[in-house]
Amino acid sequence: MGISALNNNANSIYGKIASGLRIRTAADDAAGLSIANIMKREGNGLDAASANIQDGIGVANIKDGALGSIQDSLHRIHELSIKASNSLYGQSEKQMIQDEIDQVLQNIQDIAVGTQFNGMQLMDGSMADMHIAANADGRGMQIQMENTTLKELGIDGYNVTGKFDIRDIENAMEKVTNARGATGAMTNRMEHAYNSNTGNSLEMVKSRSRIEDLDVPKAVSEQKKNKLLQDYKMGMMRKKMQNDSLVLKMFGM
């Protein structure tokens, strides 16, 4: 190997040590660079999918909080309805009970129309199920959107001052309980997908590292070997030049 080649090799090693990368250009390892780029693309996809899942979990948590508040409100209406069923209460007392029920019903409606995520309605039935791109290829899962308006729950105009059926409230409670259970199950599913994605992304980084990263001790050893060869060749060239000079002097040239 000539001096020029040794210098080029030394510069390449210096560059790799400085960057910490074994593959800086396609010339270093074309196949390895291609594989590393594929892994990078897949890893970035997994990271983006994980971020999507986190947003999805946020939506589910908002839904669960809203459903929990509606559930509490329905429990209160159920309690007041049992109270109003008592014959000991006259019409005026029942009207006072109804006044409170009206306030609680309005609270349920306000939650249904006011619960949003990033400007999107989550609880009034106006939005289709939300797609969460939980996989690196854009596929994923659906978060079911709810409709918890008074009309959908079957309690619009519920009034205990006249003839009423307490089972209307119980049916509404069952709908909300089922919706909350489904939301919890979806949250668990998304958390599992998130953990899987982050774990796979970490393994992808490790695999890329094994392909791209430089074996520094080996590179330093190679660097030292190249320096010794350079020094040896330079020494031999100087010695040759000295010998040539002596020969010329001996012949008076």
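Predicted, not measured: the structure shown is a model, and the values here were computed from it.

### Some remarks on the overall build of the chain
- Along the backbone of the chain there are six helices and four strands.
- Across the 253 residues in the chain, those meeting the buried criterion constitute 31%.
- Here the analysis covers contacts within the chain between residues at least 6 apart in sequence; of these, 71% occur between residues at least 24 apart.
- Just so you have it, the chain exposes about 15200 Å², and 53% of that area is on carbon and sulfur atoms.

### Let's talk about helix α3 (residues 91-114)
- A rise of 1.5 Å per residue sets the reference length of α3, with its 24 residues, at 34 Å; its end C-alpha atoms lie 34 Å apart and thus fit the reference within 8%.
- Inspection of α3 places K94, I97, Q98, I101, V104, L105, I108, I111 and A112 among the buried residues, and these make up the whole buried set.

### Let's talk about the side chain of E146
- With respect to the helices, strands and loops of the structure, E146 is situated in the loop between β4 (141-143) and α4 (150-153).
- Beyond its immediate stretch of four places on either side in the chain, E146 contacts K63, L122, M123, D124, G125, A179 and T183.

### Considerations on the packing of aromatic side chains
- Under the counting rule described, the total for this entry stands at one aromatic pair.
- Between the aromatic rings of Y158 and F164, the centroid separation amounts to 5.9 Å while the plane-to-plane angle is 75 degrees, which identifies the pairing as edge-to-face.

### Considering the pattern of salt bridges
- On inspection of all chains with the given rule, the structure shows six salt bridges.
- With its nearest N and O atoms 2.8 Å apart, the salt bridge here joins R76 to E100. With a gap of 24 residues between them, R76 in helix α2 (residues 30-84) and E100 in helix α3 connect regions that are remote in the sequence.
- Judged by its relative accessible area of 32%, E100 is partly exposed.
- R139 is the salt-bridge partner of D137, the closest N and O atoms lying 2.7 Å from each other.
- For R139, a relative accessible area of 53% corresponds to the exposed category.
- Counted as one network, the salt bridges with shared partners bring together R76, E79 and E100.

### Focus on the environment of V104
- Structurally, V104 can be placed in helix α3.
- Judged by its relative accessible area of 12%, V104 falls in the buried class.
- Sequence separation between V104 and L74 is 30 residues, and the spatial gap between their C-alpha atoms is 8.0 Å.
- Those residues in contact with V104 that lie beyond four places of it in its chain are S73, R76 and I77.

### Focus on the confidence of the model for the chain
- Overall, the prediction assigns the chain a mean pLDDT of 82, with 71% of residues at 70 or greater.
- Looking across the chain, the model is least confident in helix α1 (residues 3-19), with a mean pLDDT of 47, and most confident in α4, with 97.

### Describing the side chain of T149
- On the secondary structure map, T149 appears in the loop between β4 and α4.
- When its relative accessible area of 13% is taken as the criterion, T149 is described as buried.
- Here N147 takes part through its side chain, which lies 2.8 Å from a polar atom of the side chain of T149.
- Those residues in contact with T149 that sit more than four places away from it in its chain are Q109, A112, M123 and D124.

The rules we used
Residues numbered from 1 in each chain as written. Predicted model: local features only at pLDDT ≥ 70, side-chain atom pairs only at ≥ 80, totals over all residues. Heavy atoms only, no water. Helix = DSSP H or I, 4+ residues; strand = E, 2+ residues; numbered from the N terminus. Buried < 20%, exposed > 50% of the residue type's maximum accessible area, 1.4 Å probe, protein only. Contact = heavy atoms within 4.5 Å. Areas by Shrake-Rupley, 256 points an atom, 1.4 Å probe, with all protein chains shown as cover. Expected span 1.5 Å × (residues − 1). Phe/Tyr/Trp six-rings, centres within 6.5 Å; stacked < 30°, edge-to-face > 60°. Salt bridge = Lys/Arg side-chain N within 4 Å of Asp/Glu carboxyl O. pLDDT = per-residue confidence, 0-100. Polar contact = N/O pair within 3.5 Å; in protein donor to acceptor, adjacent residues only side chain to side chain.

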